[in-house]
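Residue-level structural notes
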Amino acid sequence: MREHLINLGHVVSDAVWRVGFASRFFVMLIVYSGTALRRLHLTIREIYFSGVLSLLIIMVSGLFVGMVLGLQGYDTLERYGSSEALGVLVALSLVRELGPVVAALLFASRAGSAITAEIGLMKATEQLSAMEMMAVNPIARVVAPRFWAGVVSMPLLAALFSAMGIFGGYLVGVRLIGVDAGSFWSQMQASVDFREDILNGVIKSVVFGALISWIAVFEGYDAEPTAEGVSGATTRTVVTSSLVILAADFVLTAFMFRGT
Amino acid sequence: MNRVTLDLWVGIFVASGIIALLFLGLKVGNLAAANNSETYLLLARFDNIGGLKVRGAVKAAGVVVGRVADIHLDSESYLAVVTMKINKRYQFPRDTFATINTSGLLGEQYVGLDVGGDPTMLKEGEMVTKTQSAVVLEKLIGQFLFGKAAEAGAAAKK
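Residues numbered from 1 in each chain as written. Chains lettered and ligands numbered in written order. Predicted model: local features only at pLDDT ≥ 70, side-chain atom pairs only at ≥ 80, totals over all residues. Heavy atoms only, no water.

**With respect to the overall build of chain A**
Going by this rule: The secondary structure listing takes helices from DSSP runs of H or I that are at least 4 residues long and strands from runs of E that are at least 2 residues long, numbered from the N terminus. Burial classes: relative accessible area under 20% of the type maximum marks a residue as buried, over 50% as exposed, and values in between as partly exposed (1.4 Å probe, protein chains only). Contacts are residue-level and defined by heavy atoms, with any inter-residue pair within 4.5 Å sufficient. Working definition of accessibility: Shrake-Rupley area with a 1.4 Å probe, residue cover restricted to the visible protein chains. Charged residues are defined here as Lys and Arg on the positive side and Asp and Glu on the negative side; His and the ends of the chain fall outside this count. Charge positions are represented by NZ for Lys, CZ for Arg, CG for Asp and CD for Glu.
Regarding its fold elements, chain A presents 10 helices and 0 strands. When the helices and strands of chain A are placed in sequence order, the string is α-α-α-α-α-α-α-α-α-α. On the principal axes, the C-alpha backbone points of chain A span a range of 65 × 55 × 30 Å. With 260 residues in all, chain A has 47% of them scored as buried. Of the contacts formed within chain A by residues at least 6 apart in sequence, a portion of 85% connects residues at least 24 apart. By element, 68% of the accessible surface of chain A is carried by carbon and sulfur atoms, the whole surface being about 12600 Å². Counting 17 positive and 19 negative side-chain charges, chain A places the centres of these two groups 7 Å from one another.

**Considering the domain arrangement of chain B**
Put simply, the rule is: What counts as a domain boundary in this text is fixed by an automatic or database domain assignment.
Along its sequence, chain B is carved into domain 1 (1-36) and domain 2 (38-142). The C-alpha centroid of domain 2 of chain B is placed 38 Å from the C-alpha centroid of domain 1 of chain B.

**So, the side chain of T234 of chain A**
Examined against the element boundaries, T234 of chain A turns out to sit in helix α10 (residues 227-256). Apart from residues no more than four positions distant in its own chain, T234 of chain A is found in contact with S113, T116 and A117 of chain A.

**Things to note about the layout of surface pockets**
Remark: the empty space left among the atoms is shown by a probe the size of a water molecule rolled over them. Residues and elements named next belong to chain A. For clarity, the threshold we go by: The rule is simple: put a 1 Å grid over the protein atoms alone, call a set of points where a 1.4 Å probe fits but cannot get out a cavity, call an open set with protein on both sides within 12 Å along at least five of seven lines a pocket, and count a residue as lining if it has an atom within 4 Å of a point. Grid points are joined across faces, edges and corners, and a volume is the space filled by probe spheres set on the points. When residues are grouped by polarity, Ala, Val, Leu, Ile, Met, Phe, Trp, Tyr, Cys and Pro land in nonpolar, Asp, Glu, Lys and Arg in charged, and all others, Gly among them, in polar.
Roughly 270 Å³ of volume is contained in the second largest pocket. Around the second largest pocket sit R18, V19, A22, S23, L211, W214, I215, F218, E219, R236, T240 and V244, which together line it. Contributing elements (two or more residues each) for the lining of the second largest pocket: α1 (2-31), α9 (194-222) and α10. Taken together, the residues of the lining of the second largest pocket break down into 7 nonpolar, 2 polar and 3 charged.

**Section: the packing of helix α8 (residues 181-191) of chain A against helix α1 (residues 3-28) of chain B**
Short version of the rule: Every axis in this analysis is a line fitted to C-alpha atoms, fitted for helices over the stretch in contact. Angles between the N-to-C directions lie between 0 and 180 degrees. Note on angle classes: values under 35 degrees are labelled roughly parallel, values over 145 roughly antiparallel, values of 65 to 115 roughly perpendicular, and the remainder oblique.
Packing of α8 of chain A against α1 of chain B leaves a shortest axis separation of 8 Å and a crossing angle of 100 degrees. Taken together, α8 of chain A and α1 of chain B sit at an angle that is classed as roughly perpendicular. Residues W185, M188 and Q189 of chain A of α8 of chain A pack against F23, L26, K27 and V28 of chain B of α1 of chain B. The residue makeup of the contact of α8 of chain A with α1 of chain B, split by class, is 5 nonpolar, 1 polar and 1 charged.

**Things to note about the sheet that holds strand β8 (residues 130-132) of chain B**
All names here are of chain B. Inclusion rule: Criterion used throughout: strands pair if DSSP finds at least two bridges between them.
Ordered by their spatial adjacency, 8 strands build an open sheet running β7-β1-β4-β3-β2-β6-β5-β8, and the pairing between neighbours is mixed. The sheet is open, and its two borders are formed by β7 (126-128) and β8, each paired with just one other strand. Between one strand and the next, the sheet's axes are offset by a mean angle of 35 degrees, whatever the strand orientation. Pairing geometry for strand β2 (residues 57-60) and strand β6 (residues 109-114), over 3 bridges, is parallel.

**Considering the packing of helix α7 (residues 138-177) of chain A against α8 of chain A**
A pair of packed helices is captured by two measures, namely the crossing angle of their axes and the spacing between those axes. Residue and element names in this part refer to chain A. To keep it simple, the criterion reads: The crossing is said to be left-handed when, going from far helix to near helix, the turn is anticlockwise and less than a right angle, and right-handed when the turn is clockwise.
Contact geometry for α7 and α8: axes closest at 10 Å, N-to-C directions at 145 degrees. Relative to α8, the crossing made by α7 is right-handed. Contacts between α7 and α8 involve I166, G169, Y170 and V174 on the former and, on the latter, A181, F184, W185 and M188. Residues belonging to the contact of α7 with α8 are distributed by class as follows: 7 nonpolar, 1 polar and no charged.

**A few points about the packing of aromatic side chains**
Short version of the rule: Two rings from Phe, Tyr or Trp (for Trp, the six-membered ring) form a pair when their centres sit within 6.5 Å of each other. Planes less than 30 degrees apart are called stacked, planes more than 60 degrees apart edge-to-face, and all others tilted. Counted as over-ring charges are cases with an Arg CZ or a Lys NZ within 6 Å of the ring centre that also lie within 35 degrees of the ring normal.
Under the definition given, this model contains 13 aromatic pairs over all chains. Each ring, one from Y170 of chain A and one from W185 of chain A, has its centre 5.5 Å from the other, and the planes form 35 degrees; the classification is tilted. Of this pair, Y170 of chain A sits in helix α7 while W185 of chain A sits in helix α8, and the two are 15 residues apart along the sequence. The pair Y170 of chain A / W185 of chain A is uniform in exposure class, with both members buried. An aromatic cluster is present here, built from W17, F21, F25, F218 and Y221 of chain A joined pairwise through their rings. The aromatic ring of W185 of chain A is capped on one face by K27 of chain B, whose charged end is 4.8 Å from the ring centroid. A cation sits over an aromatic face here: K59 of chain B above Y110 of chain B, 4.4 Å from the ring centre.

**With respect to the interface of chain B and chain A**
Often, the extent of an interface is quoted as the loss of accessible area upon association of its parts. This is how it is decided: Put simply, buried area is the surface a 1.4 Å probe can reach on two separate parts but cannot reach once they are joined, added for both. By salt bridge we mean one thing: a side-chain nitrogen of Lys or Arg within 4 Å of a carboxyl oxygen of Asp or Glu. Pairs of N or O atoms within 3.5 Å make up the polar contacts considered here, provided that, within protein, one atom can donate a hydrogen while the other can accept it, and that residues adjacent in sequence are counted only when both atoms are side-chain atoms.
Taken residue by residue, the interface counts 24 residues in chain B and 29 residues in chain A. Of the roughly 2400 Å² buried at the junction of chain B and chain A (both faces included), carbon and sulfur atoms supply 77%. Our enumeration of links across chain B and chain A arrives at 0 salt bridges. On the surface where chain B and chain A come into contact, there are 1 residue pair in polar contact (both at pLDDT 80 or more).

**A look at empty space enclosed by the protein**
By the definition in use, this model includes 1 cavity of 30 Å³ or more. The wall of the largest cavity is formed by V95, P100, P155, A158, A159, S162, I198, G201, V202 and S205 of chain A together with L21 and L24 of chain B. Listing elements by their share of the lining of the largest cavity, those giving two or more residues are α5 (86-124), α7 and α9 of chain A together with α1 of chain B. In terms of residue class, the lining of the largest cavity is made up of 9 nonpolar, 3 polar and no charged.

Put into structure tokens, the structure is as follows:
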């Protein structure tokens, strides 16, 4: 009995300690971000690795998600004789929810895991300690550029995802099934509001980008410096950031689209 | 990879992201329609607005000329006051008739403006005086049933 209680206490205090460390790490990250922004090429390099290399997967999945939405949406709307509203359905679901969320999930598994593995391996091979020995702050040199690259890349990727999805919906809805192109676009334009829908979607994706990057760099920095530790940290990045994205999405949606 | 190619790729990435955002704003959203035109406000009082919502369309002869900006209840007259944002390009005479219509059987509701013949035009912030409320289906059915019952009663007396 006593042993179980000790274990329970250990688990809880460990979790609390980790959350505290992650928060302190986040503050440090912001404090040392000056270097990442002054030496912009460091951040640009990371935008290449997390943003540009994610382009293909994001755009192809966006296209397919939009095409599926077009097929399924048409099937349901047709029953109520309002298949012209297909454009509205595709655009609103992509811009408000699917764009930011699915792009963030893909980004977490494509780029977040890579960031964790890279930083974790740097730690395991004592590159981070070597930097400290040379009076180079590893948070400023390694962590901050990766964080800001994620924050910058995520909204762009989400916008590309939504745009490709709407194009996919157009391909299936208008080109394949034969919904009227005029009403497809005009009904979409009539009911998608720039501030209400598109800007809120962008805000969501910026928040998700910050969350994913924070979790990824933290897990990498905090990883046990062994092969096993790095692999565990990489898995934790994907699992934690996926859960955090979905939870944060619920909270943001509740604030943004309540009522009206 | 050298730095120029890397910068080039990042440039392409950022540019395409911005183009996607512009596409969303201009082609998918209503940014082009909302910002390129100046608007003025008109008010209208209705007994019942039915299911009219903020951001609903305002149409004249089927053409969208503006949007519903605000709906609230006047606490003195207990009438619904609808504020409409109308495109500056369109001016309406003082005796314009405002009705609440439904697009299709299950479609959303909109404000329809039927233009009158008065030479003076409505100005910013003025009230459209002639209005007709939304048709409430329950009331309509109720009237129909009462009418039927009265007919049946009259028939039974004879």
